[in-house]
Amino acid sequence: MVGLASALALQAEGHKVTVLDPKGPGEGATMGNPGGLSLSSIFPTAVPGIHRQMPGWLLDPLGPLKIRWSHLPALAPWLWHFLRAANPAQVARATAALHALTAPAREAYAPLLARAGAQRLVQWRGHLMVYRSAEAMAAEAAGWRKRAALGIAAEDLPLDAPRAMEPALDPAYRWGRFVPGNGHVSDPRALARLFAEALVRDGGAFLPRGATGFALEGGRVTAVKTPQGDLPCDAVVLAAGSASAPLARQLGDKVPLEAERGYHAEVSESEIELKRPVFATGEKIFAASMETGLRFAGTAEFARPGTPPDWRRAEGLLALGQRLFPALREPGAVEHRTRWMGLRPGTPDSLPALGPASGARNAVHAFGHGHIGITGAAMTGRVVAALIAGRPSSVPLAPYHPARFQRRVSSD
Ligand SMILES: Cc1cc2nc3c(=O)[nH]c(=O)nc-3n(C[C@H](O)[C@H](O)[C@H](O)COP(=O)(O)OP(=O)(O)OC[C@H]3O[C@@H](n4cnc5c(N)ncnc54)[C@H](O)[C@@H]3O)c2cc1C
């Protein structure tokens, strides 16, 4: 999504754009996520006190966040940066930077959707946060006050209002908060495909090839290397999601990037039709009616690259979905279902690497969007277009600097 949104933004400025992706449009992390346009997702994962939760991540096999023991040695440098980021000053900086990329989502997506004829795939009907106790809801109040200070509205609902808004909900979820400014993509893969079609229709190209490296001359990229030959270029944007780090290295930047494995379970023929996404924050599960079914998504797992999916995690999401929606507990109600695992491109400070490459003047990094890649893709595209044009970006770029982790290490 990030690459295609950037491609459309560049094309709108008159560039001749070619997108390379060996798997086709929207097959990465974009494919199976639940499509939350979450303008309220502005807090990084690394917050003060987070280290106290880490033993649980190692020990609880099915907890919402899991680190496989076998991956711990390779993950250590990433974790080191993660713990370093868990301080109040960095949290404030990351919050402002996440807000800057996500807040303009609606306005930034509008021209892309119009060009691609994709308006039907995006709805702006808010998100519903649900809780099983007043205490659980109150525990998040401070976060919502911080959001309110940034202009992100949320409404504390009267008791039992969640079920009045979404009749399929279990009555135990009596407490709720409504976030009117959030939206939803009802099929992220279909959206990516429509973006790719628009790109090609307007004179660009989408090639089913993988980039293996770059030809560099005099501090500039002159061509992108692929197994089928070199593709000459005037400028390059690296937006390969969780696979970006080795390519970024060739462009002079060492970015700690981990695949944060998330899962979904989707009930294909559900009678439940949610009017807007429902997020049970206690259970850490996001539920949304998609074009293809009722999708439950969440969990994060760190494992060695290539480790087979742990489908118990998808089944666990389904069990939580059944807790949310009683109709799914009926015999046969979840018989037709699919499951998916995807790789979120995760940096230790939850911010993407977005900015000029250190080793090539005409290369721009745009990867590492973690949990907000769908929400932040359109605004990222605008930033990318400004960088390629040599214009100042409308958002301050320092927090996303691709070399920020290197600089920290050397300044120690
Ligand atoms: C369970 C789950 C739930 C999520 N929920 C949300 C949500 O509600 N809202 C939200 O905003 N975000 C959400 N996300 C995060 C979101 O999915 C990602 O941030 C986003 O999809 C990242 O987009 P991307 O374009 O950077 O990466 P990807 O979608 O992974 O795309 C990268 C592309 O690069 C291609 N590629 C790889 N290597 C090469 C190469 N060498 N050459 C060429 N191409 C290459 C891949 O084939 C892939 O298609 C969720 C993620 C998960 C897993």
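Values in this document were obtained by computation on a predicted structure and should not be read as measured data.

**Q** How do you make sense of the packing of helix H6 (residues 105–116) against helix H13 (residues 373–389) when you look at a structure like this?
**A** When two helices pack together, their arrangement is captured by the angle between the axes and the distance separating the axes. For the pair H6 and H13, the least separation of the axes is 8 Å and the interaxial angle reads 70 degrees. Here H6 lies roughly perpendicular to H13, going by the angle between them. Of the residues in H13, those in contact with Ala105, Glu107, Ala108, Tyr109, Pro111 and Leu112 of H6 are Ile374, Thr375, Ala377, Ala378, Met379 and Arg382. Considering only residue class, the contact of H6 with H13 consists of nine nonpolar, one polar and two charged.

**Q** So what exactly am I meant to see when it comes to helix H10 (residues 188–201) here?
**A** Helical periodicity: at 3.6 residues per turn, an α-helix aligns residues three or four positions apart in one direction. For H10, with 14 residues, the first-to-last C-alpha span of 20 Å sits near the 20 Å given by 1.5 Å per residue. Along H10, the positions that sit buried rather than exposed are Pro188, Ala190, Leu191, Ala192, Leu194, Phe195, Ala196, Ala198 and Leu199. Just downstream of H10 lies Gly203, where phi reads positive at about 100 degrees.

**Q** Explanation requested: the site of the ligand in the structure shown.
**A** Around the ligand, the surrounding shell holds 30 residues, and the nearest of these are Asp21, Thr30, Gly36, Gly370 and Thr375. Asn33 is positioned with one of its side-chain polar atoms (N or O) 3.2 Å from an oxygen atom of the ligand. About the coverage of the ligand: the protein hides 90% of its 1000 Å² of free accessible area. For the shell around the ligand, the elements supplying multiple residues, two or more each, are helix H2 (29–32), strand S14 (258–267), strand S18 (337–346) and H13. Looking at the shell around the ligand residue by residue, the classes come out as 14 nonpolar, 12 polar and four charged.

**Q** How should I be thinking about the pairing of strand S5 (residues 127–131) in this particular structure?
**A** The side chains of a regular strand alternate between both faces of the sheet. Where burial is concerned, most of S5 is hidden: five out of the five residues are buried. Of the two faces of S5, the one carrying His127, Met129 and Tyr131 and the one carrying Leu128 and Val130 are both buried. Bridge analysis of S5 against strand S7 (residues 175–179) gives five bridges, and the strand direction is antiparallel. In the sheet register, Met129 faces S7, and the bridge partner there is Arg177.

**Q** Is there a simple way to explain the environment of Asp21 in this structure?
**A** Relative to the elements of secondary structure, Asp21 occurs in the loop between strand S1 (18–20) and H2. Residue classification places Asp21 among the partly exposed residues on the basis of a relative accessible area of 26%. In this structure, the C-alpha to C-alpha distance between Asp21 and Gly210, residues 189 residues apart in sequence, is 5.5 Å. Residue contacts for Asp21: discarding those within four places in its chain leaves Phe206, Leu207, Pro208 and Arg209. A polar side-chain atom of Asp21 sits 2.9 Å from the main-chain amide nitrogen of Lys23.

**Q** Teacher, can you tell me more about the side chain of His365 here?
**A** Secondary-structure assignment places His365 in strand S20 (residues 363–367). When sequence neighbours within four positions are dropped, the list of residues in contact with His365 reads Leu238, Ala248, Leu251, Asp253, Ala353, Leu354, Gly355, Pro356, Ala357 and Pro402.

**Q** Which parts of the structure should I look at to understand the pattern of salt bridges?
**A** If you walk through the whole model with that rule in mind, you get 18 salt bridges. Its salt-bridge partner being Arg276, residue Glu166 comes within 2.8 Å of it at the nearest N-O pair. A residue pair is termed long-range when its members are at least 10 positions apart, and Glu166 in the loop between helix H9 (161–165) and S7 and Arg276 in the loop between S14 and strand S15 (278–280) qualify at 110 residues. In this pair, the class of Glu166 matches that of Arg276, namely buried. Among the salt bridges present, the one from Asp349 reaches Arg404, with a minimum N-O distance of 2.7 Å. Placement of the pair is Asp349 in the loop between S18 and strand S19 (353–356) and Arg404 in helix H14 (residues 404–411), with a sequence separation of 55 residues. Per residue, the accessibility class of Asp349 equals that of Arg404, and both read buried. Counted as one network, the salt bridges with shared partners bring together Glu27, Arg189 and Arg193.

Rules of the game
Residues numbered from 1 in each chain as written. Predicted model: local features only at pLDDT ≥ 70, side-chain atom pairs only at ≥ 80, totals over all residues. Heavy atoms only, no water. Axes fitted to C-alpha atoms, helices over the stretch in contact; angles between N-to-C directions. Helix = DSSP H or I, 4+ residues; strand = E, 2+ residues; numbered from the N terminus. Parallel < 35°, antiparallel > 145°, perpendicular 65-115°, else oblique. Contact = heavy atoms within 4.5 Å. Nonpolar A, V, L, I, M, F, W, Y, C, P; charged D, E, K, R; others polar. Expected span 1.5 Å × (residues − 1). Buried < 20%, exposed > 50% of the residue type's maximum accessible area, 1.4 Å probe, protein only. Near = heavy atom within 4 Å. Polar contact = N/O pair within 3.5 Å; in protein donor to acceptor, adjacent residues only side chain to side chain. Areas by Shrake-Rupley, 256 points an atom, 1.4 Å probe, with all protein chains shown as cover. Pairing = 2+ DSSP bridges. Salt bridge = Lys/Arg side-chain N within 4 Å of Asp/Glu carboxyl O.

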